[in-house]
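# Descriptive analysis of the structure
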Amino acid sequence: MKSFNILGLGCAFALMAAVPAGAETTLVGAVQFDESHAFTKALRKFEQEAAACSGGSLKFDLHLNSELGLEKDYFENMSQGIAVDYAIVSPSHMSTFSQKAPLMDMPFLFRDLDHWNKVMEADALAPLAADVLKTANVRLIGYAGGGTRQLIVNRPVTNMGELEGLPMRVMGAPIQTRIFEAIKAHPSVIAYSEVYNAIQTGVIDAAENEAAGIEQMKFYEVGPHIALTAHAITVRPLGFSNATFERLTPAEQECILKAGKIGGKLGRDIESGQDAAKLKAMEEKGWLTTHVFTEREKLLELAGPVKEAYAAELGATDVLKAIEAVQ
């Protein structure tokens, strides 16, 4: 059996020697979660599809529960061709290598969930994937994700008048502050672990997150009003080490590319469905109340110039235009 990874002391180094045709290849994957998580299910689907397509020449060894580190480690290892061959990784962990990759995390990048799905299917992110391949030597072979981020507020916010000046927590990336300032909120960067207390004590009145985060951190206890701004829908690429990819046979390479798309699609279906279901379940339990934001088109309008400027800074104006052109 040929194997590109030898695990030892938590680290594995890819074998560089040529391997006889017809031998088996064992690929090592990593995920921070257990079997119940959408990422793990997407990776399992990828494995199943690739194994079947290859006639069994491709074998898989997926390490769960952060056994091989965190997403940042996975991406660095895939880039170096060591330890991890495949994993789902947030675009933020690619930014050290690819200037363009953070575009995938920009608020208001997608008009709605339907547009997000069509962008994934149309492969409109291909230029970003090409940049990641060039700068990090990692292939993006599929796209999972689907968590929709909403505003978590201590009072109802349903329109621009109620949103204006809203003191809220945002993540540390500068684009987050710029976008929320553009839509008239009053954003500030606060550590994630401090959000609950900051709302409870009146330091801020709001934050933003996906349903899973609202549930896990019990943000509904201090911010029981959820404004359905849908200002971000997550993109979580399935990465594959190009160093490993180039040592596969052409037939196996084709299987990896095909299976990556299928695995990513399953991940999107699961996570986007779970997101809506979790929010509904919390509302049915009386933990929170959702509010339609009646002027969402105004949010998109105000965010537009900031999005264009940010895309230009990243050298990704063509990608933004391609995404916005998808109907």
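The structure under discussion appears in the preceding block.
Rules behind the numbers
- Residues numbered from 1 in each chain as written.
- Predicted model: local features only at pLDDT ≥ 70, side-chain atom pairs only at ≥ 80, totals over all residues.
- Heavy atoms only, no water.
- Helix = DSSP H or I, 4+ residues; strand = E, 2+ residues; numbered from the N terminus.
- Rg over C-alpha atoms; globule rule 2.2 N^0.38 Å.
- Buried < 20%, exposed > 50% of the residue type's maximum accessible area, 1.4 Å probe, protein only.
- Contact = heavy atoms within 4.5 Å.
- Areas by Shrake-Rupley, 256 points an atom, 1.4 Å probe, with all protein chains shown as cover.
- Core = buried A, V, L, I, M, F, W, Y, C linked by side-chain atoms within 4.5 Å.
- Axes fitted to C-alpha atoms, helices over the stretch in contact; angles between N-to-C directions.
- Parallel < 35°, antiparallel > 145°, perpendicular 65-115°, else oblique.
- Left-handed = near helix turned anticlockwise from the far one by under 90°.
- Phe/Tyr/Trp six-rings, centres within 6.5 Å; stacked < 30°, edge-to-face > 60°.
- Pairing = 2+ DSSP bridges.
- Right-handed = clockwise from strand over helix to strand, strands pointing away.
- Salt bridge = Lys/Arg side-chain N within 4 Å of Asp/Glu carboxyl O.

## Examining the overall build of the chain
The helix and strand tally for the chain stands at 12 helices and 12 strands. Relative to the globule expectation of 20 Å for 327 residues, the C-alpha radius of gyration of the chain, 21 Å, shows essentially globular dimensions. Dimensions along the principal axes, computed over C-alpha positions, put the chain at roughly 70 × 40 × 30 Å. Within the chain, the fraction of its 327 residues that count as buried is 53%. Nonlocal contacts in the chain, meaning residues at least 24 apart in sequence, comprise 73% of its contacts between residues at least 6 apart. With the model as given, the accessible surface of the chain reaches about 13,700 Å², and the carbon-plus-sulfur share is 54%.

## Quick look at the nonpolar core
Grouped together as the largest cluster of nonpolar side chains are 63 residues, with contacts concentrated most on Leu103, Met104, Phe110, Leu125, Leu163 and Ile323. The residues contacting isoleucine 323, other than those within four sequence positions of it, are Leu103, Leu109, Phe110, His115, Val119, Ala124 and Leu125. Counting residues in hydrophobic clusters, the runner-up holds 20 residues, among them Leu58, Leu62, Leu248 and Ile256.

## Some thoughts on the packing of helix α1 (residues 38-53) against helix α10 (residues 250-284)
The contact between α1 and α10 brings their axes to 8 Å, and the two run at 155°. On the basis of their axis angle, the class for α1 and α10 is roughly antiparallel. Where α1 crosses over α10, the handedness of that crossing is right-handed. For the pair formed by α1 and α10, the contact residues are Ala38, Phe39, Lys41, Ala42, Lys45, Phe46, Glu49, Ala50 and Cys53 on the first element and Cys255, Ile256, Ala259, Gly260, Ile262, Gly263, Leu266, Gly267, Ile270, Glu271 and Gln274 on the second.

## Quick notes on the packing of aromatic side chains
In this structure the tally under the stated criterion is nine aromatic pairs. Between phenylalanine 46 and phenylalanine 240, the aromatic rings sit 6.5 Å apart at their centres with planes inclined by 70°, giving edge-to-face as the arrangement. You can see phenylalanine 46 sitting in helix α1 and its partner phenylalanine 240 sitting in strand β11 (residues 225-241), a full 194 residues away along the chain. A residue is classified by how much of its surface remains accessible, and phenylalanine 46, at 0% relative accessible area, is buried. When its relative accessible area of 0% is taken as the criterion, phenylalanine 240 is described as buried. Relative to tyrosine 86, the ring of phenylalanine 60 lies with its centre 5.7 Å away and its plane at 85°, an arrangement referred to as edge-to-face. In this pair, phenylalanine 60 sits in strand β5 (residues 58-63) while tyrosine 86 sits in strand β6 (residues 86-88), placing the two residues 26 residues apart along the sequence. Here the aromatic residues Phe46, Phe60, Tyr86, Phe240 and Phe245 are joined through ring pairs into a cluster of three or more.

## So, the pairing of strand β9 (residues 186-189)
The sheet contact formed by strand β8 (residues 167-170) and β9 spans four bridges and is parallel. Its bridge partner lying in β9, valine 170 is registered against valine 189. Regarding topology, helix α6 (residues 174-182) serves as the crossover connection from β8 to the parallel β9, and that connection is right-handed.

## Quick look at unusual backbone geometry
A positive phi angle is found at phenylalanine 108, which is not glycine, with a value near 60°. Here phenylalanine 108 falls in the buried class, since its relative accessible area comes to 1%.

## Re the pattern of salt bridges
What the rule picks out here adds up to 16 salt bridges. In this structure, arginine 155 engages aspartate 205 in a salt bridge whose closest nitrogen and oxygen atoms are separated by 2.9 Å. Note that arginine 155 is positioned in the loop between β7 (138-153) and α5 (160-163) and aspartate 205 in the loop between α7 (195-200) and β10 (206-209), a separation of 50 residues in sequence. The class for arginine 155 is partly exposed, based on a relative accessible area of 34%. Judged by relative accessible area, aspartate 205 falls into the buried class, the value being 16%. Glutamate 313 is the salt-bridge partner of arginine 178, the closest N and O atoms lying 3.0 Å from each other.

By themselves these figures say nothing about function.
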